[in-house]
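Structural overview for review
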Amino acid sequence: LVRLRQRLSRSQGGLGRGLLAILSRDRLDDDAWEDIEDTLLTADIGVAPTQELVDGLRTRLRVEGDSVDVRAALREELVKLVDPTMDRTLKVSGADGAPGVVLVVGVNGAGKTTTVGKISRILVAQDRSVVLGAADTFRAAAVEQLATWGERVGVPVVRGPEGSDPASVAFEAVKQGVAEDVDTVLVDTAGRLQNKAGLMDELGKVKRVIEKQAPVTEVLLVLDATTGQNGMVQARVFSEVVDVTGIVLTKLDGSAKGGIVVAVQRELGVPVKLVGLGEGPDDLAPFDAGAFVDALLG
Ligand code: GDP
């Protein structure tokens with residue numbers, strides 16, 4: 001965890017350092033507050049949350065005067081924005097003896113397959129039995145990639161012939177999960193954003209066939225943190241197509257735009273549950289609002 005925090009803070013620390021440098025100026029005039037706004041906007045926090053944070057801080061400084069601990073106040077305001085009250089537990093267990101079914105969605109390249117592999121590793125480490133469904137059938141490499149993860153982690157991967165119907169692979173995976181009484185089935189899906197109707201058809205069908213056998217317990221939307229506003233547009237489309245229940249923000253290790261956590265949670269009203277901090281099997285961490293803000297502040 002310490003290592004992850006270090007890695008996160010190395011790419012994120014710029015925001016906190018930048019803000020603290022401005023806040024420690026002798027005079028916090030309008031220019032200074034404008035610089036603070038710019039710094040927050042550059043980190044992709046979004047316009048409304050930026051305004052809230054600045055208003056909150058200005059009020060506190062005015063009311064509490066010189067006695068205020070600026071760093072602590074900034075930390076508190078940031079934690080408030082990230083919202084520590086959201087339920088971030090992964091729903092990996094089913095009810096009434098059914099397996100938990102986790103559907104992983106997002107555009108190609110966001111890190112879906114990698115995330116499925118990393119989650120399966122965490123679950124196996126917790127002694128849970130897992131089946132993976134390789135329903136990203138449009139990208140042959142994705143199926144191979146998931147098969148490699150399955151071998152590495154030691155979990156079965158259900159796959160179909162190349163180009164087969166993603167829904168049929170998802171169906172078979174959950175069928176196997178039910179038959180073998182496993183704890184969790186993780187289903188990787190295809191992320192072609194050709195158009196909303198096509199995506200809706202495809203993911204809708206995947207979900208429907210799964211739910212003939214077991215309820216979907218979690219729909220994780222995987223988003224690449226480095227894609228900024230473009231990622232937000234994708235997030236919106238996916239959330240209109242399926243009921244997203246949690247967000248996985250990948251590639252935070254390579255981004256100084258950690259503010260996207262705030263923006264995307266606001267936009268979708270859904271918590272960030274996991275963050276990807278690298279390409280390795282252990283580079284996935286549960287999201288914790290306090291630890292994240294500490295990393296931001298460096
Ligand atoms: P998919 O198309 O959504 O399934 O995406 P992949 O899982 O194939 O990932 C695309 C690329 O992003 C791969 O090279 C991954 O190794 C890389 N990747 C995934 N997650 C992370 C992360 O958290 N950090 C970094 N640096 N790279 C990642």
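This report concerns the structure included in the present document. What you see is a predicted model, and the numbers here were worked out from it, not measured in a lab.

Among the 18 residues in the neighbourhood of the ligand, the closest are listed as Gly109, Lys112, Thr113, Thr114 and Glu279. Glycine 111 has a polar backbone atom sitting 2.9 Å from an oxygen atom of the ligand. Here a nitrogen atom of the ligand and a side-chain polar atom of aspartate 253 are 2.8 Å apart. Per-element tally for the shell around the ligand: the top contributor is helix H5 (residues 112–125), with 4 residues. Among the residues forming the shell around the ligand, the class breakdown is 3 nonpolar, 9 polar and 6 charged.

Once the charged atoms of two side chains with opposite charge are near each other, the side chains can pair. This structure, assessed with the given rule, holds 16 salt bridges. Notably, a salt bridge pairs arginine 58 with aspartate 30, separated by 3.3 Å at the nearest N-O pair. Of this pair, arginine 58 sits in helix H3 (residues 47–64) while aspartate 30 sits in helix H2 (residues 30–42); the two residues are 28 residues apart in sequence, bridging distant segments of the chain. A salt bridge links lysine 251 to aspartate 224; its shortest N-O distance comes to 3.3 Å. Of this pair, lysine 251 sits in the loop between strand E6 (246–250) and helix H10 (260–268) while aspartate 224 sits in strand E5 (residues 218–224), and the two are 27 residues apart along the sequence. A residue is classified by how much of its surface remains accessible, and lysine 251, at 32% relative accessible area, is partly exposed. Linked by salt bridges that have partners in common, Arg60, Glu64, Glu76, Glu77 and Lys80 make up one network.

With 5 of 5 residues buried, E6 is to be regarded as a mostly interior element. Note: E5 against E6, 5 bridges, orientation parallel. Each bridged residue has a counterpart across the sheet, and for valine 222 the counterpart in E6 is valine 248. Following the backbone out of E5, through helix H9 (residues 228–241) and into the adjacent parallel E6, one traces a crossover that is right-handed.

Reading the values: rules and limits
- Residues numbered from 1 in each chain as written.
- Predicted model: local features only at pLDDT ≥ 70, side-chain atom pairs only at ≥ 80, totals over all residues.
- Heavy atoms only, no water.
- Near = heavy atom within 4 Å.
- Polar contact = N/O pair within 3.5 Å; in protein donor to acceptor, adjacent residues only side chain to side chain.
- Helix = DSSP H or I, 4+ residues; strand = E, 2+ residues; numbered from the N terminus.
- Nonpolar A, V, L, I, M, F, W, Y, C, P; charged D, E, K, R; others polar.
- Salt bridge = Lys/Arg side-chain N within 4 Å of Asp/Glu carboxyl O.
- Buried < 20%, exposed > 50% of the residue type's maximum accessible area, 1.4 Å probe, protein only.
- Pairing = 2+ DSSP bridges.
- Right-handed = clockwise from strand over helix to strand, strands pointing away.

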